[in-house]
Amino acid sequence: MTIQENISLLPYNTFRMDVKARYLAQYESIDELRELLNKFQDTRRLFIGEGSNLLFTGDFDGLVCQSKMCRAAATKETEEDVWIEVQGGLKLDLLIEQVADMQLYGLENLSYIPGQVGAGAVQNVGAYGREIKDCIEQVNAWDLQTMQSVSFTREECHYAYRDSLFKREGKNRYIITSVVFRLSKTPQLHLDYGNLKEYLQQDANPQQVRQTIIQIRKKKLPEVSELGSAGSFFKNPIVSADKFNNLKEKYKDIPSYPVGDNYKIPAAWLIEQCGWKGKTVGGAKVYDRQPLVIVNTGNATSSDICSLAKQIVDSVYNRFQITIDKEVEYV
Ligand code: EPU
């Protein structure tokens, strides 16, 4: 375990905010996590993954904890499937690279999403028609209230679009220590999203899907190593059928995806309609290629980013009477 004091969080957040933490600790086992929690019982604490979905709005006068628990091992196998238990600190994309090489299907559509496995399971990351929950069998966590290990089935995690128990009723209570994935040995492709079928044959292997998704993401989304961002800043709003039909009358070309009886509308479209593409506030900018993303052009302050985000939310509401929620968490 390492504990550093008065440390810059610049390398620990993809928005590249140069803020400081009073303490930064990295733990490599549940025992170390327990030790850390005992040592800093009365200190404000924040558990981060790769810091790819948060915005620091100032220095953090407390303990920032990052998991360095990175092991993965198969725990069960049948003719069709393999169960792999993966510790929360492993980078999701490293896992996907490995399982794609092993010809295991299930996670390949989530390729190149930044972040750790544990954080991905908290916020149910998703892309190209798949969500991480689709492959999750079980989530193991440390319960800060009882100071004991606890397990959840997928159903018990209450997964929804970019949402779970760990963001709602379990927020600040559970630290994900490992996730059990069930992956398929037989081809199970999910190519219905967008124009994926144009690039991939129905007999593509997981590595081919992975490489295609990486190419698409590179074209559309900023590389966090080159331009600070936290991916999608907003969630795509879901509106009722009535609301959608009213909008459709006025805006004939409004894109949408049915979700049960409701409709999901791309926030990117709403934001673009309001004229935000490429607009800036200080060093914060609406990304030209994907207006769902706010980027730090180099010297953005968190106030620039918050102010730009608020202006976007207000203008989308004024024009469409739809409230878009942010996906990024403010700290
Ligand atoms: N669109 C525009 N203008 C643009 C770009 C997109 O109007 O400049 C509209 C188009 O109608 C397009 C639609 O937005 O068809 C959807 O765009 P895209 O396929 O790029 O996906 P998204 O809805 O914008 C979601 C996820 C992404 C994920 C992609 C691909 C959310 C909040 N975002 O974005 O996730 O990579 O789908 O599956 O659900 C992330 O969460 O950080 C993230 C990048």
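**Student:** Any chance you could explain the layout of surface pockets here in plain terms?
**Tutor:** A water-sized probe, rolled over the atoms, reveals where empty space remains. Put simply, the second largest pocket is a space of about 160 Å³. In terms of lining, the second largest pocket is formed by Arg162, Asp163, Lys167, Arg168, Lys171, Lys235, Lys326, Glu327, Val328 and Glu329. Residues from two domains meet in the lining of the second largest pocket; each of domain 2 (72–217) and domain 3 (222–330) gives at least three.

**Student:** I tried to follow the sheet that holds strand β3 (residues 45–48) on my own but got confused; where do I start?
**Tutor:** Hydrogen bonding along the main chain pairs the strands of a sheet, whether they run parallel or antiparallel. With respect to topology, 4 strands assemble into an open sheet ordered β1-β2-β5-β3, the strand pairing being mixed. Strand pairing shows two members of the sheet lacking a second neighbour, β1 (2–8) and β3, which therefore form its edges. The mean inter-strand angle of the sheet, taken between neighbouring strand axes irrespective of direction, is 25°. Relative to strand β5 (residues 60–67), strand β2 (residues 20–27) runs parallel, the two sharing 6 bridges. What sits directly across from Gln26, in β5, is Gln66. Lying over the sheet, helix α1 (residues 30–39) contacts β1, β2, β3 and β5, oriented at roughly 150° with respect to β2.

**Student:** Any chance you could explain the side chain of Ser52 here in plain terms?
**Tutor:** Relative to the helices and strands, Ser52 resides in the loop between β3 and β4 (54–55). The residues contacting Ser52, other than those within four sequence positions of it, are Thr14, Pro114, Gly115 and Ala230.

**Student:** What am I meant to see in the environment of Glu79 here?
**Tutor:** Looking at the element boundaries, Glu79 is found in the loop between β6 (72–77) and β7 (81–87). Residue class for Glu79 comes out exposed when judged on its relative accessible area of 72%. The sequence separation of Glu79 and Lys185 amounts to 106 residues, and the corresponding C-alpha distance is 7.7 Å.

**Student:** Just checking my understanding: could you explain the site of the ligand for this structure?
**Tutor:** Among the 26 residues in the neighbourhood of the ligand, the closest are listed as Tyr128, Tyr161, Arg162, Tyr193 and Glu272. Measuring from an oxygen atom of the ligand, one finds a side-chain N or O atom of Tyr161 at 2.7 Å. In this structure, an oxygen atom belonging to the ligand sits 3.3 Å away from a side-chain N or O atom of Arg217. Only β8 (126–127), α5 (206–220), β13 (228–232) and α7 (267–273) provide two or more residues apiece to the shell around the ligand. In terms of residue count, the dominant contributor to the shell around the ligand is α7 (3 residues). Residue composition of the shell around the ligand, by class: 13 nonpolar, 5 polar and 8 charged. Residue-level mapping places the shell around the ligand at the junction of two domains, with at least three residues from each of domain 2 (72–217) and domain 3 (222–330).

**Student:** Teacher, can you tell me more about the pattern of salt bridges here?
**Tutor:** Opposite charge on two side chains allows them to pair when their charged atoms are near. If you walk through the whole model with that rule in mind, you get 19 salt bridges. Put simply, Arg22 and Glu5 hold a salt bridge, and the shortest N to O gap is 2.9 Å. Of the two residues, Arg22 is situated in strand β2 and Glu5 in strand β1; the sequence distance between them amounts to 17 residues. Judged by relative accessible area, Arg22 falls into the partly exposed class, the value being 30%. Given a relative accessible area of 48%, Glu5 falls into the partly exposed group. A salt bridge links Asp31 to Arg34; its shortest N-O distance comes to 3.4 Å.

**Student:** When you look at the environment of Leu94 in this model, what are you seeing that I'm missing?
**Tutor:** Locating Leu94 in the fold gives a position in helix α2 (residues 92–101). Separated by 18 residues in sequence, Leu94 and Tyr112 have C-alpha atoms that sit 8.9 Å apart.

**Student:** In this structure, what is going on with the domain arrangement of the chain? I would like to understand it.
**Tutor:** When the parts of a complex come together, some accessible area is lost, and that lost area is often used as the size of the interface. Each assigned domain of the chain is listed with its residue range as follows: domain 1 (2–67), domain 2 (72–217) and domain 3 (222–330). Averaged C-alpha coordinates put domain 2 and domain 3 at centres separated by 25 Å. The partner domain 3 presents 7 residues to the 5 residues of domain 2 that form the contact. Of the roughly 690 Å² buried at the junction of domain 2 and domain 3 (both faces included), carbon and sulfur atoms supply 40%. Together, Tyr112, Tyr161 and Arg162 form the three largest contributors to the area buried by domain 2 at its contact with domain 3, with a combined 59%. Connecting domain 2 to domain 3 are 2 salt bridges. Close ionic contact of Lys171 with Glu329 constitutes a salt bridge, the shortest N to O distance being 2.6 Å. The tally of links from domain 2 across to domain 3 stands at 5 residue pairs in polar contact (both at pLDDT 80 or more). Among the residues making up the side of domain 2 that touches domain 3, the classes are represented as 2 nonpolar, 1 polar and 2 charged.

Rules of the game
- Residues numbered from 1 in each chain as written.
- Predicted model: local features only at pLDDT ≥ 70, side-chain atom pairs only at ≥ 80, totals over all residues.
- Heavy atoms only, no water.
- 1 Å grid on protein atoms, 1.4 Å probe; cavity = no way out; pocket = protein on both sides within 12 Å on 5 of 7 lines; lining within 4 Å.
- Points joined across faces, edges and corners; volume = space filled by probe spheres on them.
- Domains from an automatic or database assignment.
- Pairing = 2+ DSSP bridges.
- Helix = DSSP H or I, 4+ residues; strand = E, 2+ residues; numbered from the N terminus.
- Axes fitted to C-alpha atoms, helices over the stretch in contact; angles between N-to-C directions.
- Contact = heavy atoms within 4.5 Å.
- Buried < 20%, exposed > 50% of the residue type's maximum accessible area, 1.4 Å probe, protein only.
- Near = heavy atom within 4 Å.
- Polar contact = N/O pair within 3.5 Å; in protein donor to acceptor, adjacent residues only side chain to side chain.
- Nonpolar A, V, L, I, M, F, W, Y, C, P; charged D, E, K, R; others polar.
- Salt bridge = Lys/Arg side-chain N within 4 Å of Asp/Glu carboxyl O.
- Buried area = accessible area lost by both parts, 1.4 Å probe.

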